[in-house]
Amino acid sequence: MQRCLDLAALGMGKVSPNPMVGAVIVHDGKIIGEGYHQQYGQAHAEVNAINDALAKFDNAGELFKKSTIYVSLEPCAHYGKTPPCADLIIKHHIPKVVVGCRDPFDQVDGKGIEKLKDAGIEVLVGVLEDECKWLNRRFFTRVQQHRPYIILKWAQTADGFFAPDDNKQHWITGLESRKLVHQWRGEEDAILVGKNTVLADNPQLNVRYGDGRSPKRIVIDRRLELKNNLHVFDQSVETLIFNEIKTAIDGKNKYIALEDFDRYVPQYILYQLYLQDIQSVIIEGGAYTLNSFIEAGLWDEARIFTGETTLTTGIKAPKINGIIAEEIPSGKDHLLILYNK
C-alpha cells in the first residue's frame, strides 16, 4: 500500500479534479504490475497496473487468478471519463482487493467495494487509511465540504511586516523560496490574489521557476479598477475576476459578479470555485485577502516564509493559529507550515 501511495503522488498537479490513485498487483509475494492515474481523463491506476502486467507476462491472465491488487482508493463503479475499474478487476478474475480508503464521491462511495464483493472477490478496506486520505486531502475537502482545499502563503520580514505601506514592491525572500513557491503553484488548481497585490507587484502568477502547468488565476477586484494591460489579464491561462459589476467572458478572462460584496465574500468565492471543479487554491495575498479567509476559518494549510530583512513600519503580516507541521530552512529564509485545527 505504501508503494501505491508513492505511485499515486506522481499524479500531483495532473489529475484534478480526480483523486491521485496508485495500484499494485502482487502474485506469490512479487509485484507483477503497477500503475497510477497519470492524467485527468485518461486511464485510472487499476487499468495501468493491469496493462503493465499484461505487457510483462504472457501468462498474466493466469497469474491474475492467484493475485492480489492493492489500490490506495476504492475502485470506481460508474462510467465517467473511463469505464468502471471494479468491472475490470472482476473481468480479470483477481480474487482479492486491498483498498486503502473508501471514495467519498457519491457515485462511488462503497459501491465499488459492494460490486467486488457481489462478484465473490475478497475485499479488505482500511490499510494505511489515514495516509491514503491525507494524500487526497484536496479531493476529500472538495467532495465533503463543497469547497476547494485552501493553502495560504505569505512572506514576512523578521520584524513581522508583510509589505511596505506605500504599496511598492519589496522582496522579502530569496531565490530558493521563490523557486519553491513556483513548484507549489504547479501542484494546485488555482492561485488567488487581491487587487492591491496586482497593483503593487503586477505578478505573472505562473511557474516560470518551477515545473508543471501554470494554475488558473483568481483575482478579487470589487470595482474592476485594474487595467487590462497587467500580466494577470494576458490571456495565457484562465483567469477569474470576482467583482460586483459584471458577469462576462473575454477570451480566457472570466468576470464573475457576486451578489453581495459586503458579507461572506470568501464563502461566495469558494462556492463558485467548487462549482467550476477547482479542487485546490493557493492564496498569495495581499494581507487583507489573507486575513479575510483566516477570519472566516476558511483555510487548511498556511505556508509562511520569514526573511532576514526588516521594515520597521508597513503592513503587518497576518496572525494565524494552527498546528505546527514543519519548520524548515529555505535558503536563508525560515519556512513554517501550519494546519488548521
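The structure under discussion appears in the preceding block.
Attention in this report is confined to the structure presented alongside it. Here the residue index of a chain counts from 1 through its sequence in written order. Owing to the predicted nature of the model, reporting of local features is limited to residues with pLDDT of at least 70; listing and counting of side-chain atom pairs is limited to 80 or more, with chain, interface and lining totals taken over all residues. Hydrogens are left out, water is left out, and the side-chain values use all remaining heavy atoms of the structure.

## As for unusual backbone geometry
Which entries qualify depends on this criterion: Under the DSSP-based scheme used, a helix requires at least four consecutive residues in state H or I and a strand at least two consecutive residues in state E, with every element numbered from the N terminus.
A cis amide bond links Ser-16 to the next residue, Pro-17, at an omega of 10 degrees. Position of Pro-17 relative to the elements: it lies in the loop between α1 (2-8) and β1 (22-27). Cis geometry is found at the peptide bond from Gly-285 to Gly-286, where omega equals 0 degrees. Considering the arrangement of structural elements, one finds Gly-286 in the loop between β13 (280-285) and α11 (287-295). In this structure, Tyr-264 is a non-glycine residue whose phi angle is positive, near 55 degrees.

## Quick word on the sheet that holds strand β16 (residues 323-330)
Our working definition: Strand pairing is assigned whenever DSSP detects at least two bridges linking the two strands. In this analysis an axis means a line fitted to C-alpha atoms, helices contributing only their contacting stretch, and an angle means the value between N-to-C directions, from 0 to 180 degrees. By definition, residues are in contact when any of their heavy atoms lie within 4.5 Å.
Taken together, ten strands build an open sheet; the order of strands is β11-β12-β10-β9-β8-β13-β6-β14-β17-β16 and the sheet is mixed. Of all the strands in the sheet, just β11 (248-250) and β16 have a single pairing partner and so form its edges. Across the sheet, the mean angle separating the axes of adjacent strands is 20 degrees when strand polarity is ignored. Packing against the sheet, α11 makes contact with β6 (149-156), β8 (190-194), β9 (216-220) and β13, and its axis sits at approximately 135 degrees to β6.

## Remarks on the pairing of β1
This is how the line gets drawn: Remark: exposure states derive from per-residue accessible area (1.4 Å probe, protein chains only) relative to the maximum for the residue type, with buried under 20%, exposed over 50%, and partly exposed in between.
Buried residues dominate β1, accounting for six of its six residues. Residues of β1 alternate between two faces, with Gly-22, Val-24 and Val-26 on one and Ala-23, Ile-25 and His-27 on the opposite face, all of them buried. In terms of strand pairing, β1 meets strand β2 (residues 30-36) through six bridges, oriented antiparallel. By the bridge assignment for β2, His-27 is matched with Lys-30. Counting the residues in the hairpin turn of β1 and β2 gives two residues, including Asp-28, whose phi is positive at 55 degrees. Pairing between β1 and strand β3 (residues 67-73): five bridges, direction antiparallel. Its bridge partner being in β3, Ala-23 is matched across the sheet by Val-71.

## Thoughts on helix α10 (residues 265-275)
Inclusion rule: Comment: arc refers to directions from the helix axis out to C-beta atoms.
Residues of α10 that are buried: Val-265, Pro-266, Ile-269, Leu-270, Leu-273 and Tyr-274. For α10, the arc enclosing every buried residue in end-on projection is 170 degrees, short of the 170-degree limit, so these residues lie on one face. Remark: Asp-277 follows α10 within two positions and exhibits a positive phi of approximately 65 degrees.

## Some words on helix α5 (residues 111-118)
Owing to its 3.6 residues per turn, the α-helix aligns residues three or four sequence positions apart on the same side. Among all positions of α5, only Gly-112, Ile-113 and Leu-116 are buried. Burial along α5 is one-sided: seen end-on, the buried residues are contained in an arc of 100 degrees. Considering only its buried residues, α5 is in contact with α4 (85-91), β4 (96-101) and β5 (122-125).

## Notes on the nonpolar core
Rules: Put simply, a nonpolar core is a bunch of buried Ala, Val, Leu, Ile, Met, Phe, Trp, Tyr and Cys residues held in one set by side-chain atoms that sit within 4.5 Å of each other.
Grouped together as the largest cluster of nonpolar side chains are 41 residues, with contacts concentrated most on Ile-25, Phe-64, Ile-69, Ile-89, Val-97 and Leu-116. Among the nonpolar cores identified, the runner-up in size contains 33 residues, and Ile-220, Phe-242, Ile-256 and Trp-299 belong to it.

## A few points about the packing of aromatic side chains
Put simply, the rule reads: Note on aromatic pairs: the rings of Phe, Tyr and Trp (six-membered ring only in Trp) are paired at centre separations within 6.5 Å, and the planes decide the class, stacked below 30 degrees, edge-to-face beyond 60, tilted for the rest. Counting as a charge over the ring demands two things of the Lys NZ or Arg CZ atom: a distance within 6 Å of the ring centre and an angle within 35 degrees of the ring normal.
Following the criterion strictly, the structure yields four aromatic pairs and no others. For the pair Trp-134 and Tyr-339, a centre-to-centre distance of 4.9 Å together with 80 degrees between the ring planes defines the contact as edge-to-face. With Trp-134 in helix α6 (residues 129-135) and Tyr-339 in strand β17 (residues 333-339), this pair connects stretches of sequence that are 205 residues apart. If you follow Lys-246 out to its NZ or CZ, it ends over the ring of Tyr-255, 4.2 Å from the centre.

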